Amino acid sequence: MRPTRAATAAAVLCALAALFNPATAHAADPGDMVALPVRDALAALPIQEESRAGYSRDKYRHWIDADRDGCSTRNEVLLEEAVTAPEQGANCTLRGGSWYSPYDDATFTQARALAIDHLVPLAESWDSGASAWTTQERTANDLDDARALIAVSATSSLALS
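Residues numbered from 1 in each chain as written. Predicted model: local features only at pLDDT ≥ 70, side-chain atom pairs only at ≥ 80, totals over all residues. Heavy atoms only, no water.

## What about the overall build of the protein chain?
Put simply, the rule reads: Numbering of helices and strands starts at the N terminus; helices are DSSP runs of H or I of at least 4 residues and strands are runs of E of at least 2. For every residue, the accessible area (1.4 Å probe, protein chains only) is compared with the maximum for its type, and the residue is labelled buried under 20%, exposed over 50%, or partly exposed between those bounds. Residue contacts follow a heavy-atom distance rule, with two residues in contact if any of their heavy atoms lie within 4.5 Å.
For the protein chain, the helix and strand inventory stands at five helices and nine strands. For the protein chain, the N- to C-terminal ordering of α and β elements is α-β-β-α-α-β-β-β-β-β-β-α-β-α. A burial count over the protein chain gives 31% of its 161 residues as buried. Once local pairs closer than 6 in sequence are excluded, the contacts in the protein chain between residues at least 24 apart make up 59%.

Next comes the structure, spelled out in structure tokens:
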């Protein structure tokens, strides 16, 4: 059986936790701690096949205005990640500004040249459990975690698809 990326990520996190406290590993439930050798904690991680069955990007809500300030998630990310802040006009139109795309080590001065990429692809989130989430829980626009979305050049984003 092939381990899921989520299981691999969990194993890496447990190993990193062991570097800071070798005698303690985190339990599956947040806040629970158990004294367990890391080798045993890694062996206890559930491993199962991933399933892409039923996946469609349309099952995720996109470019919503979660905080109802007139800016879509796309523009929220562009505002947050601007190297030089753009001017924000009516209906959150952005003018000017500059952005750095770490995927191709380039700076852009046109927002339309950028794509907003998911650091965890939607298909991977589906495979790793989002298929069991409700429609409300399944959003492509997670602004609660600054690591979830990134502004990158549209050409580099397409190259990775």
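Text resumes after the structure shown.
## So, the nonpolar core
Most often, soluble globular proteins have nonpolar side chains that are buried together. Quick reminder of the rule: For the purposes of this section, nonpolar cores are sets of buried Ala, Val, Leu, Ile, Met, Phe, Trp, Tyr and Cys residues that join through side-chain atoms within 4.5 Å.
Counting residues in hydrophobic clusters, the biggest one holds 13 residues, and the most contacted among them are Val 77, Leu 78, Trp 99, Leu 114, Ile 116 and Ala 151. Only α3 (73–81), β8 (114–118) and β9 (149–153) provide two or more residues apiece to this core. With sequence-adjacent residues up to four places away left out, Trp 99 is seen in contact with Leu 78, Glu 81, Ala 82, Val 83, Pro 86, Ala 106, Thr 107, Phe 108, Thr 109, Gln 110, Ala 111 and Leu 114. In this structure, Leu 122, Trp 126, Ala 130 and Ala 140 belong to the second largest nonpolar core, which totals five residues.

## Remarks on the state of the cysteines
Rules: Two cysteine sulfurs form what is called a disulfide whenever their separation falls within 2.5 Å.
Applying the stated criterion to the full structure yields one disulfide. The disulfide bridge from Cys 71 ends at Cys 92, spanning 1.9 Å between sulfur atoms. Taking the torsion about the sulfur-sulfur bond, which here is approximately 90°, the covalent link between Cys 71 and Cys 92 counts as right-handed. Placement of Cys 71 in the loop between α2 (38–43) and α3 and of Cys 92 in the loop between β4 (87–88) and β5 (94–95) is noted, with a sequence separation of 21 residues between them.

## Thoughts on the sheet that holds strand β6 (residues 98–101)
Each strand in a sheet pairs with its neighbour through backbone hydrogen bonds, running either in the same direction (parallel) or in the opposite one (antiparallel). Here is the rule we go by: At least two bridges found by DSSP between two strands is the condition for calling them paired. In this description, a line fitted to the C-alpha atoms serves as the axis of each element, helices being fitted only across the stretch in contact, and the angle between N-to-C directions of two axes falls anywhere from 0 to 180 degrees.
Overall, antiparallel pairing links the three strands, which are arranged β3-β6-β7 in an open sheet. Either end of the sheet is taken by a strand with one partner, and the two such strands are β3 (82–84) and β7 (106–108). Neighbour-to-neighbour, the strand axes of this sheet turn through a mean angle of 40°, independent of strand direction. Inspection of the sheet shows β6 paired to β7 by three bridges, in the antiparallel sense. What sits directly across from Ser 101, in β7, is Ala 106.

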